[in-house]
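One-letter residues, chain by chain:
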Amino acid sequence: RLGDPNVPLTPRGWMQADKAGEFLKKFYDENPSPSGKTGQWPLIKVSSFVRPKQTLSGIFNSIIAHGGLKGKPLIHNEIDLIELGYGLMPNLKTGDERIDPQLRQKFADMSKLAHENAPVQSAPPFGEAPMDQYNRVKRFAANLKAGADAGEYDDVLIVSHGHTMRNFLMSWFELPMDAWEELRKRKVDNCDVMVIEQNEKGEWTVETIFDGGTGQPTSYKPLEGIRRKEIDPADLPEVPAFLKRKL
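Residues numbered from 1 in each chain as written. Predicted model: local features only at pLDDT ≥ 70, side-chain atom pairs only at ≥ 80, totals over all residues. Heavy atoms only, no water.

K.L.:
Just checking my understanding: could you explain the overall build of the protein chain for this structure?
P.N.:
Along the backbone of the protein chain there are 7 helices and 6 strands. Reading the helices (α) and strands (β) of the protein chain from amino to carboxyl end gives α-β-α-β-α-α-α-β-α-α-β-β-β. Taking the principal axes of its C-alpha atoms as reference, the protein chain extends roughly 65 × 65 × 35 Å. Each of the 247 residues in the protein chain was classed as buried or not, and the buried ones make up 39%. Long-range pairs, those at least 24 residues apart, make up 66% of the contacts in the protein chain between residues at least 6 apart in sequence. Summed over its atoms, the accessible surface of the protein chain is roughly 15,200 Å², and 54% of this surface lies on carbon and sulfur atoms. Here the protein chain carries 33 positive and 35 negative side-chain charges, and the mean point of each set is 2 Å from the other. (Helix = DSSP H or I, 4+ residues; strand = E, 2+ residues; numbered from the N terminus. Buried < 20%, exposed > 50% of the residue type's maximum accessible area, 1.4 Å probe, protein only. Contact = heavy atoms within 4.5 Å. Areas by Shrake-Rupley, 256 points an atom, 1.4 Å probe, with all protein chains shown as cover. Lys, Arg positive; Asp, Glu negative; His and termini not counted. Charge placed at Lys NZ, Arg CZ, Asp CG, Glu CD.)

K.L.:
When you look at unusual backbone geometry in this model, what are you seeing that I'm missing?
P.N.:
Positive phi is not limited to glycine here, since Glu 174 has a value of about 50°. Turning to its location among the elements, Glu 174 is positioned in the loop between helix H6 (162–172) and helix H7 (179–185). Under the relative-accessibility criterion, Glu 174 is labelled partly exposed at 43%. Even without being glycine, Cys 191 reaches a positive phi, approximately 70°. In this structure, Cys 191 sits in the loop between H7 and strand E4 (193–198).

K.L.:
Could you clarify how one ought to interpret the packing of aromatic side chains in this entry?
P.N.:
What describes a pair of aromatic rings is the distance from one ring centre to the other and the angle between the planes of the rings. Inspection of the entire model under this criterion finds 7 aromatic pairs. With a centroid separation of 5.0 Å and an interplanar angle of 20°, the aromatic rings of Trp 41 and Phe 60 are classed as stacked. Separated by 19 residues along the polypeptide, Trp 41 in the loop between helix H1 (11–30) and strand E1 (43–47) and Phe 60 in helix H2 (residues 50–65) bring together distant segments of the chain. Residue classification places Trp 41 among the buried positions, given a relative accessible area of 13%. The interplanar angle of 20° and the centroid separation of 5.3 Å between the aromatic rings of Phe 168 and Trp 172 together place this pair among those described as stacked. A residue pair is termed a helical-turn pair when its members lie 3 or 4 positions apart in one helix, as Phe 168 and Trp 172 do in helix H6 at 4 residues. The class for Trp 172 is buried, based on a relative accessible area of 9%. (Phe/Tyr/Trp six-rings, centres within 6.5 Å; stacked < 30°, edge-to-face > 60°.)

Below, the structure written as structure tokens:
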């Protein structure tokens, strides 16, 4: 009944944030930014919802407790990073007595049917489709790239939500629509830490380097095996028989 923007972290969530902060302190001390600086605060972009702000608070407190970083942290409150809007779905799933039971079941059935047929474009009642979220996250990613290209910053920490980060990966790496469902199947835990950077060839790469579930460093390629937007002509749908021509 708080509404998703106001749902707080659980005690486990606070502990995960604390562990992530301890890991990030060591990471920033040992890994220079593209400009060669170590132990510096990055620019921080955080979702406007309560949970990611609390997560950042836990991370921040842990970094300070382990010695802190150089400089003054700059934190931007980003509305484009908020979680996917679920509309009435939480109320339908919890059996909210304020909604007529028959109407609640009809809404749930319709939402399920729409999602099965078009998971990226369909939205729950009064909610947001993944495609809607993708468009605002794509805007955020474009602005982020523009700032980096202009030399305004070279190291950014983003604290957000699971669906938001999936759509960020979709946008940053220009993945096709069918990658959304594949990404949903991939392991993503609260307070996982991913690093997105350019390699020596100038190609963007992503790696999960901290497992928020176990609180331990890891090495995992979240996009491994996912095809980018380029399509091999051999993978195009087969034409109908009446259009086939003899070679």
